[in-house]
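Observations on chain architecture
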Amino acid sequence: METPLADLGNASAAHRDNIRRIYGLGMTEGTSPTTFSPDACTTRQQMASFLARAYPVATTALRSSPSPYAARPGATE
């Protein structure tokens, strides 16, 4: 996913992909409309915001996943 965050050039490819992923999920907005500031420190309040935005994403994914206790095809009791 592409983002308007223009300051990701020095981040590794894996980090850029992860930043794009959390941006696309709505978990981060960046430090401005066009910057992420990948080398800046994260405050406790910023981390709280990340976690609060991550919770609905994670719980929605869990609800849509099959239960680990559901019978698997070919499984025997």
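Read on for a plain summary of the structure. Since the model is a prediction, treat every value here as computed from it, not as a measurement.

Basis of the calculations
- Residues numbered from 1 in each chain as written.
- Predicted model: local features only at pLDDT ≥ 70, side-chain atom pairs only at ≥ 80, totals over all residues.
- Heavy atoms only, no water.
- Helix = DSSP H or I, 4+ residues; strand = E, 2+ residues; numbered from the N terminus.
- Areas by Shrake-Rupley, 256 points an atom, 1.4 Å probe, with all protein chains shown as cover.
- Expected span 1.5 Å × (residues − 1).
- Buried < 20%, exposed > 50% of the residue type's maximum accessible area, 1.4 Å probe, protein only.
- Polar contact = N/O pair within 3.5 Å; in protein donor to acceptor, adjacent residues only side chain to side chain.
- Contact = heavy atoms within 4.5 Å.

**Re the overall build of the chain**
- When helices and strands are tallied, the chain shows two helices and zero strands.
- Total accessible area on the chain is roughly 6,200 Å²; 57% of this is exposed by carbon and sulfur atoms.

**Digging into helix α1 (residues 13-24)**
- When the terminal C-alpha atoms of α1 are compared, their 16 Å separation across twelve residues agrees well with the 16 Å that a helix rising 1.5 Å per residue should span.
- Looking at the residues trailing α1, positive phi occurs at G26, about 80 degrees.

**Examining the side chain of T59**
- Positionally, T59 belongs in helix α2 (residues 44-64).
- Residue classification places T59 among the buried positions, given a relative accessible area of 15%.
- At a separation of 3.3 Å, a polar atom in the side chain of T59 contacts the main-chain carbonyl oxygen of P56.

**A closer look at unusual backbone geometry**
- Of note, S37 is a non-glycine position whose phi angle comes to about 60 degrees, a positive value.
- In this fold, S37 is placed in the loop between α1 and α2.
- Under the relative-accessibility criterion, S37 is labelled partly exposed at 26%.

**Quick word on the side chain of T28**
- Along the polypeptide, T28 turns up in the loop between α1 and α2.
- Its relative accessible area of 6% is what places T28 among the buried residues.
- Within polar-contact distance, the side chain of T28 engages the backbone nitrogen of G30 at 3.4 Å.
- Residues contacting T28, with those up to four places away along its chain left out, are I22, Y23, F36, F50 and R53.

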